[in-house]
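Structure assessment
As a plain string of letters, each chain reads:
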Amino acid sequence: MAVLVSTTINGDNVEFACEPNESLLDVLRNRLGLSGAKEGCGTGDCGACSVQVDGRVVCSCLVLGVEAEGREIETVEGLAHGTELHPLQTKFLEHAALQCGVCTPGFLMAAKALLEKNPDPTEEEIRFGLAGNLCRCTGYDKIVRAVQDAAKVMRG
Amino acid sequence: MQYEAPETTKAAVGLLAKAKGSAYVLAGGSDLLVRMKGGFVEPDLVVDIKRIKPMREIKKTASGFTIGAAVSCAEMNENKALIKAWPGVVEAAGLIGSKQVQSRCTVTGNLCNSSPAADSVPALVAAGAKAVIQGPRGKRKVAVEDIPVGPGRNSLKKGELIEAIELPARKGKSGDAYLRFIPRTEMDIAVVSAGVSLTLGDKGVIKDARVALGAVAPTVRLVKEAAKAIIGTKLDEAALEKLGKAASAACSPIDDKRGTIEFRTKVAAVLAKRAAQIAYKRAGGK
Ligand SMILES: Cc1cc2nc3c(=O)[nH]c(=O)nc-3n(C[C@H](O)[C@H](O)[C@H](O)COP(=O)(O)OP(=O)(O)OC[C@H]3O[C@@H](n4cnc5c(N)ncnc54)[C@H](O)[C@@H]3O)c2cc1C
Ligand code: FES
Ligand code: FES
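Computed from a predicted model, the values in this text were never measured in an experiment.

Secondary structure summary: chain A contains five helices and five strands in total. Along the chain direction, N to C, the helices and strands of chain A fall in the order β-β-α-β-β-β-α-α-α-α. With respect to the principal axes defined by its C-alpha atoms, chain A has extents near 45 × 30 × 25 Å. Counting every position in chain A, which comprises 156 residues, the buried fraction comes to 51%. Long-range pairs, those at least 24 residues apart, make up 56% of the contacts in chain A with a sequence separation of at least 6.

As C-alpha cells, this is what we get:
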C-alpha cells in the first residue's frame, strides 16, 4: 500500500506517494522527475546516486523513500542557482572531469559535502573523501584537480 | 511490506513483538536494504528506529558512554570526548564503507548483522562493551561478544532490539586500537582484523588487557590467551611474540578469494602485535 510522504527537496516542499520498500533514488527519478541522481549499482558501492539528507551525503539507493518524511533533501538539481553554475560544476567542465557523465552528479554531491566539512582538503583527503564514488572513464585525476580548484574558488 | 517509524523504544518493541511475519529493525540500512534488494530477505515489517530520540544520542555518564543504536558512525567520529576515551572504537567505526555509508551506518547494525568481518565489532569486544537489549520481557544487558552466534545470525529473541551500546569509563592510563588488513586502502571487507584495549599500572606495566580478532572464525573472537600474554609486561619483544602466537592459535579461518587460512593465521599475529603497540602508546606507555 502506498504511503504519503511530505518532505523538502532543494528547499521546496514536496509531497509524494510511494511504496514502503521503494528507494529514495527510485522516488526521485521515477516519481518526481529528478533524474540527476543515477543508479550505477543499487547497492551502495558506486555513489552515482549520492544526495544529501539533513546535511549529510548518502547513497539514495540505500534510503527508503518513506524515510524522507520531514527531512531536507538536496540533489544535484539544486546545485546551480538558475543559470549560474556552482563552482564545482564550473570546475568539472573546465577540467574536463567527466566523459560519459554518469558518475558526475554523485561526485558533485559528494565533493560538495566534503568541502562543506573541510574547505581546504589535501589531495589524499579528497581521494579518501570521494572513495565511495566510482568513475569508469576519467581515471580520477581530473576529478581531483577539479575539486581542488573549486575548493580554491569557494574559499575566495 | 509495512514500514513503521515509532518515537519510543516501547512502541518499537511492541511492533516487533506483535509482528506476524518477518520483522526487521532498520538503523542505517546499509546491510538490510542491500539484502532486501538482493532478494535475500523479504520483510513483512520494517521498524525504523531513527525517530526514537534517545537512540540518536551519545551520552557521557559516570560509568562511561552510552551510544544510542541509531547514532551513525559519522556522528561517533564527530564526538570529541568519545574519540579521546575510545580512539580504537571510533577508528574502527570510521572504517566502515564510504562517506555515504558513514552518514547512515551504525555500530549496533554492524554488530547485529553479525558478519565475522564486521569492522567495529573486534574494537567493541576489546573495549568490553555491553549491548543494552529491550524486549517484551524487559531490559537485559549482555557482553557484545555474545550477540553474534554465527555468520549472519545473532542471539536476539523475537521482539528484542538493542537500544544502545555501553562503553565503560576509562580510568588511569588506558588506550585502545583497531587494525584491519584489506588489499585496497578504502572500501573493502577485512581479510583479518584485530582490536586491543589495555590499561597500565605502575611504571608502564600492563595490568589489564583485552584482545579480539575479526574474520578468522565464524564470529569475532575474544582471545583471552592473547591478553594473558601481555598482562604483567611492558610489551617487550618476548611478550609481543607470545601475543602473536596466541593470536594465531585462536584462528580457525576459512580459505576464500580474499585470503588463505595460512595468510589469515599469520596476519592475525602481525595485526594483534601492531594494535597492541598502538594501544600501549596511546595509554602513555613507552
Ligand atoms: C558500500 C558498503 C560498504 C561497506 N563497508 C563495510 C566495511 O568496510 N566494514 C564493515 O564492517 N561493514 C561494511 N558494510 C556493511 C554495513 O555498512 C555495516 O555492517 C553497518 O555497520 C551496518 O549498520 P546499519 O546501521 O546500516 O545496519 P542495518 O542495515 O540498518 O541493520 C543491519 C542488521 O541489523 C539489524 N539491526 C540493526 N539495528 C538493530 C538494533 N538496534 N536492534 C536489533 N537489530 C538491529 C537489522 O535488522 C539488520 O538485520 C558496508 C556496506 C556497504 C553498502
Ligand atoms: S546506485 Fe547507489 S551507490 Fe551505486
Ligand atoms: S565519466 Fe563516465 S563514469 Fe565517470
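Here the narrative resumes.
Interface size is commonly expressed as the accessible surface area that is lost when the partners come together. Contact residues are listed per partner, giving 29 residues for chain A and 25 residues for chain B. Buried surface at the junction of chain A and chain B, both sides included, amounts to about 2,200 Å², of which 58% is carbon and sulfur. By the criterion of area lost to chain B, the three top residues of chain A are Arg56, Leu62 and Glu67 of chain A, representing 27% of everything that side buries. Applying the counting rule to chain A against chain B returns three salt bridges. The shortest N-O distance in the salt bridge between Glu78 of chain B and Arg56 of chain A comes to 2.9 Å. For the side of chain A that touches chain B, the secondary-structure elements that each account for two or more residues are β4 (56-59), α3 (104-117) and α4 (123-129) of chain A. With four residues, β4 of chain A is the largest single contributor of residues to the side of chain A that touches chain B. In the side of chain A that touches chain B, the residues fall into 12 nonpolar, 10 polar and seven charged.

Space inside the second largest pocket adds up to approximately 790 Å³. Surrounding the second largest pocket, 26 residues form its lining, Gly129 of chain A together with Asn77, Gly94, Lys99 and Gln102 of chain B being those nearest its centre. For the lining of the second largest pocket, the elements supplying multiple residues, two or more each, are β4, α3 and α4 of chain A together with α6 (99-102) of chain B. It is α3 of chain A that contributes the most residues to the lining of the second largest pocket, four residues altogether. Split by residue class, the lining of the second largest pocket holds eight nonpolar, 10 polar and eight charged.

Let's shift gears to the packing of aromatic side chains. Two descriptors summarise a pair of aromatic rings, namely the distance from one centre to the other and the angle between the planes of the rings. Residues and elements named next belong to chain B. Going through the model one piece at a time under the given rule, you end up with two aromatic pairs over all chains. Centroid distance Phe181 to Phe263: 5.2 Å. Interplanar angle 65°. Geometry classified as edge-to-face. Note that Phe181 is positioned in strand β11 (residues 173-181) and Phe263 in helix α11 (residues 261-282), a separation of 82 residues in sequence. The cationic tip of Arg170 hangs over the ring face of Trp86; the distance from NZ or CZ to the ring centre is 3.7 Å.

Residue and element names in this part refer to chain A. End to end, α3 covers 20 Å across 14 residues, agreeing with the expected 20 Å (1.5 Å per residue, within 8%). Most of α3 sits inside the fold, with 12 of its 14 residues counted as buried. For α3, every residue scored as buried is listed here: Thr104, Pro105, Gly106, Phe107, Leu108, Met109, Ala110, Ala111, Lys112, Ala113, Leu114 and Leu115.

Another point: the sheet that holds strand β3 (residues 45-48) of chain B. All names here are of chain B. The three strands are arranged β1-β3-β2 in an open sheet whose pairing can be described as parallel. Each of the sheet's edge strands pairs with one partner strand only, and the pair in question is β1 (2-4) and β2 (23-26). Adjacent strand axes in the sheet meet at a mean angle of 20° when their direction is disregarded. As paired strands, β2 and β3 are joined by four bridges and run parallel to one another. Bridging from a neighbouring strand, Leu26 pairs with Asp48 of β3.

Bringing the domain arrangement of chain B into the picture now. Residue and element names in this part refer to chain B. In terms of domains, chain B is made up of domain 1 (2-168) and domain 2 (173-282). For domain 1 versus domain 2, the distance between C-alpha centres works out to 24 Å. Taken together, the contacts link 25 residues of domain 1 with 23 residues of domain 2. Both faces combined, the contact of domain 1 with domain 2 buries some 1,900 Å², and carbon together with sulfur accounts for 60% of it. The largest contributions to the domain 1 side of the interface with domain 2 come from Pro116, Pro122 and Ala126, which together make up 27% of the buried area. Our enumeration of links across domain 1 and domain 2 arrives at three salt bridges. Of the charged contacts in the structure, one is a salt bridge between Arg282 and Glu91, with a shortest N-O distance of 3.1 Å. The tally of links from domain 1 across to domain 2 stands at 10 residue pairs in polar contact (both at pLDDT 80 or more).

Once that is clear, we can look at the pattern of salt bridges. Applying the stated criterion across every chain, the model contains 25 salt bridges over all chains. Arg104 of chain B serves as the salt-bridge partner of Glu67 of chain A, at 2.7 Å between the closest nitrogen and oxygen. On the criterion of chain membership, the pair formed by Glu67 of chain A in the loop between β4 and β5 (72-74) and Arg104 of chain B in the loop between α6 and α7 (107-113) is interchain, its members lying in two chains. As a salt-bridge pair, Glu74 of chain A and Lys112 of chain A come within 2.7 Å of each other at their nearest N and O atoms. Remark: Lys112 of chain A occurs in helix α3 and Glu74 of chain A occurs in strand β5; sequence separation between them is 38 residues. Members of the salt-bridge network, linked through shared partners, are Glu67 of chain A together with Asp48, Lys50 and Arg104 of chain B.

Here is what the cut-offs are and how they apply
- Residues numbered from 1 in each chain as written.
- Chains lettered and ligands numbered in written order.
- Predicted model: local features only at pLDDT ≥ 70, side-chain atom pairs only at ≥ 80, totals over all residues.
- Heavy atoms only, no water.
- Helix = DSSP H or I, 4+ residues; strand = E, 2+ residues; numbered from the N terminus.
- Buried < 20%, exposed > 50% of the residue type's maximum accessible area, 1.4 Å probe, protein only.
- Contact = heavy atoms within 4.5 Å.
- Buried area = accessible area lost by both parts, 1.4 Å probe.
- Salt bridge = Lys/Arg side-chain N within 4 Å of Asp/Glu carboxyl O.
- Nonpolar A, V, L, I, M, F, W, Y, C, P; charged D, E, K, R; others polar.
- 1 Å grid on protein atoms, 1.4 Å probe; cavity = no way out; pocket = protein on both sides within 12 Å on 5 of 7 lines; lining within 4 Å.
- Points joined across faces, edges and corners; volume = space filled by probe spheres on them.
- Phe/Tyr/Trp six-rings, centres within 6.5 Å; stacked < 30°, edge-to-face > 60°.
- Lys NZ or Arg CZ within 6 Å of the ring centre and 35° of its normal.
- Expected span 1.5 Å × (residues − 1).
- Pairing = 2+ DSSP bridges.
- Axes fitted to C-alpha atoms, helices over the stretch in contact; angles between N-to-C directions.
- Domains from an automatic or database assignment.
- Polar contact = N/O pair within 3.5 Å; in protein donor to acceptor, adjacent residues only side chain to side chain.

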